[in-house]
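Read off the chains here:
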Amino acid sequence: MDHAAGARELKVLGAWASPFVLRVRVALHLKGLDYEYVEEDLVNKSELLLASNPVHEKVPVLLHAGRPVCESLLILEYLDDAFPGAGPPLLPADPLGRAAARFWAAFVDGELLSSWLAIHASATEEEKAAAVARTLAAVDTLEGALADADAEQGEGWFGGGGVGLVDVVLGGFVPAIQASEPTTGLRVVDPARAPRLAAWVDRFCALDAARAAMPPVERLVEMGKKRLAEAHAEAAPPEADK
């Protein structure tokens, strides 16, 4: 297959701040695949997005020769399958390694992401404390998984010998997690608590593929502050008539 020709048929429908979109774009850069990026207005979604993902109406969507692939984890595996000779494979060749990578990718979304989102959605201090504890427990688990991968390959990546599926999946959340620190007061990846994971964050952010796709953390911080102010304004009781 002519990978360059196939790459010219790639289009990503996304939103600049989405961690799920970021992981897809990082993967495309890792594989050296050219693509067109289309920024979506998620308030006024385009007809192309609605037609491409009519079930969830969400980004990211990868269009390959006009045919859509939805859901970021599925898109990452699709890139491996559709462009087997382009860049490093995200999944290992052996079935056991592939199963392990899928397990940890699901853990990132099911445990780390969900608990981190719960911090922002907490209505009480008790709920927030529980969400913080669950988030840090997920970080501890990932620190252990990274230590195990390091013991086998010594490369500092979840993918063992190089950047793999889990690295890309977790890496998509790095800017959002960093940007949340000023509003939550929580340093999710603290070098004192998770030194391997903190070093991994630095390595990931230094990748050319990550630098080409990552949004500025400062812009994410400003967006977060704006949303927090809007939420406080909506929650405030109306002023009494004078």
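This text follows the structure it describes.
Just so you know, these numbers come straight off a predicted model, no measurement behind them.

Rules of the game
- Residues numbered from 1 in each chain as written.
- Predicted model: local features only at pLDDT ≥ 70, side-chain atom pairs only at ≥ 80, totals over all residues.
- Heavy atoms only, no water.
- Core = buried A, V, L, I, M, F, W, Y, C linked by side-chain atoms within 4.5 Å.
- Buried < 20%, exposed > 50% of the residue type's maximum accessible area, 1.4 Å probe, protein only.
- Pairing = 2+ DSSP bridges.
- Helix = DSSP H or I, 4+ residues; strand = E, 2+ residues; numbered from the N terminus.
- Axes fitted to C-alpha atoms, helices over the stretch in contact; angles between N-to-C directions.
- Contact = heavy atoms within 4.5 Å.
- Salt bridge = Lys/Arg side-chain N within 4 Å of Asp/Glu carboxyl O.
- Expected span 1.5 Å × (residues − 1).
- Bend = angle between axes of the 7 residues up to and from the residue.
- Phe/Tyr/Trp six-rings, centres within 6.5 Å; stacked < 30°, edge-to-face > 60°.
- Lys NZ or Arg CZ within 6 Å of the ring centre and 35° of its normal.

**Here we look at the nonpolar core**
Working step 1: In this structure, F158, L197 and W200 are the most contacted members of the largest nonpolar core, which totals 62 residues.
Working step 2: Residues L13, A15, V61 and C70 belong to the second largest nonpolar core, which totals 8 residues.

**A word on the sheet that holds strand β2 (residues 36-39)**
Working step 1: Strand order in this open sheet of 4 strands is β2-β1-β3-β4, and the pairing throughout is mixed. On the outer flanks of this sheet lie β2 and β4 (67-70), each paired with one strand and no other. Between one strand axis and the next, the sheet turns by 25 degrees as a mean value, whatever way the strands run.
Working step 2: Across 4 bridges, the pairing between strand β1 (residues 10-14) and β2 is parallel. The residue bridging L13 from the neighbouring strand is V38, located in β2.
Working step 3: Along the sheet, helix α2 (residues 19-30) contacts β1 and β2; its crossing angle with β1, the most-contacted strand, is approximately 160 degrees.

**Notes on unusual backbone geometry**
Peptide bonds are, in most cases, trans, and in most cases residues other than glycine have a negative phi.
Working step 1: In the segment running from V59 into P60, the intervening peptide bond is cis, with an omega of 5 degrees.
Working step 2: Secondary-structure assignment places P60 in the loop between α3 (47-52) and β3 (61-64).
Working step 3: For E71, which is not glycine, the phi dihedral falls at a positive 75 degrees.
Working step 4: Considering the arrangement of structural elements, one finds E71 in the loop between β4 and α4 (72-82).
Working step 5: Classification of E71 as partly exposed rests on a relative accessible area of 37%.

**So, the pattern of salt bridges**
Working step 1: Using the criterion set out here, one finds 6 salt bridges in the structure.
Working step 2: In this structure, K31 engages D80 in a salt bridge whose closest nitrogen and oxygen atoms are separated by 2.7 Å. Here K31 is found in the loop between α2 and β2, whereas its partner D80 is found in helix α4, with 49 residues between them in sequence.
Working step 3: Overall, the relative accessible area of 12% leaves D80 in the buried class.
Working step 4: With a shortest N-O distance of 2.9 Å, E77 and R102 are connected by a salt bridge. Residue E77 is found in helix α4, and its partner R102 is found in helix α5 (residues 95-121); the two are separated by 25 residues along the sequence.
Working step 5: Look at R102 and you get partly exposed, because its relative accessible area is 36%.

**Details of the pairing of β4**
Working step 1: Bridging between β3 and β4 involves 4 bridges; their strand directions are antiparallel. Looking across to β4, one finds that V61 is bridged to C70.
Working step 2: Joining the antiparallel neighbours β3 and β4 is a turn of 2 residues, in which A65 adopts a positive phi near 55 degrees.

**Digging into the environment of V12**
Working step 1: Here V12 lies in strand β1.
Working step 2: The spacing of V12 and L136 is 124 residues in sequence and 33 Å in space, taken between C-alpha atoms.

**Some remarks on α5**
Since the α-helix packs 3.6 residues into each turn, any two residues three or four apart lie on the same face.
Working step 1: Between its terminal C-alpha atoms α5 stretches 38 Å, which fits the 39 Å expected from 27 residues at 1.5 Å a residue.
Working step 2: At L113, α5 shows its largest bend, some 30 degrees.
Working step 3: Taken as a whole, α5 has its buried residues at G97, A101, A105, F107, V108, D109, L112, L113, S115, W116 and I119.
Working step 4: Residues of α5 that are buried sit in contact with α2, α4, α6 (125-153), α7 (165-171) and α8 (174-184).

**Quick word on the packing of aromatic side chains**
Working step 1: As enumerated under the stated definition, the model contains 5 aromatic pairs in all.
Working step 2: Ring plane angle 75 degrees and centroid distance 5.8 Å describe the contact between F158 and W200, whose orientation is recorded as edge-to-face. Here F158, found in the loop between α6 and α7, pairs with W200, found in helix α9 (residues 195-206); they are 42 residues apart in sequence, far enough to count as distant. Just as F158 is buried, W200 falls in that class too.
Working step 3: Here the aromatic rings of W200 and F204 are separated by 5.4 Å at their centres, their planes lie at 20 degrees, and the arrangement is stacked. Note that W200 and F204 are positioned in helix α9 at a spacing of 4 residues, about one turn of the helix. The two residues W200 and F204 agree in class, both being buried.
Working step 4: A cation sits over an aromatic face here: R25 above Y37, 4.0 Å from the ring centre.
Working step 5: Here the basic side chain of R219 rests over the ring of W16, its NZ or CZ set 3.7 Å away from the ring centre.

Note that all results are geometric; they support no functional claim without further evidence.
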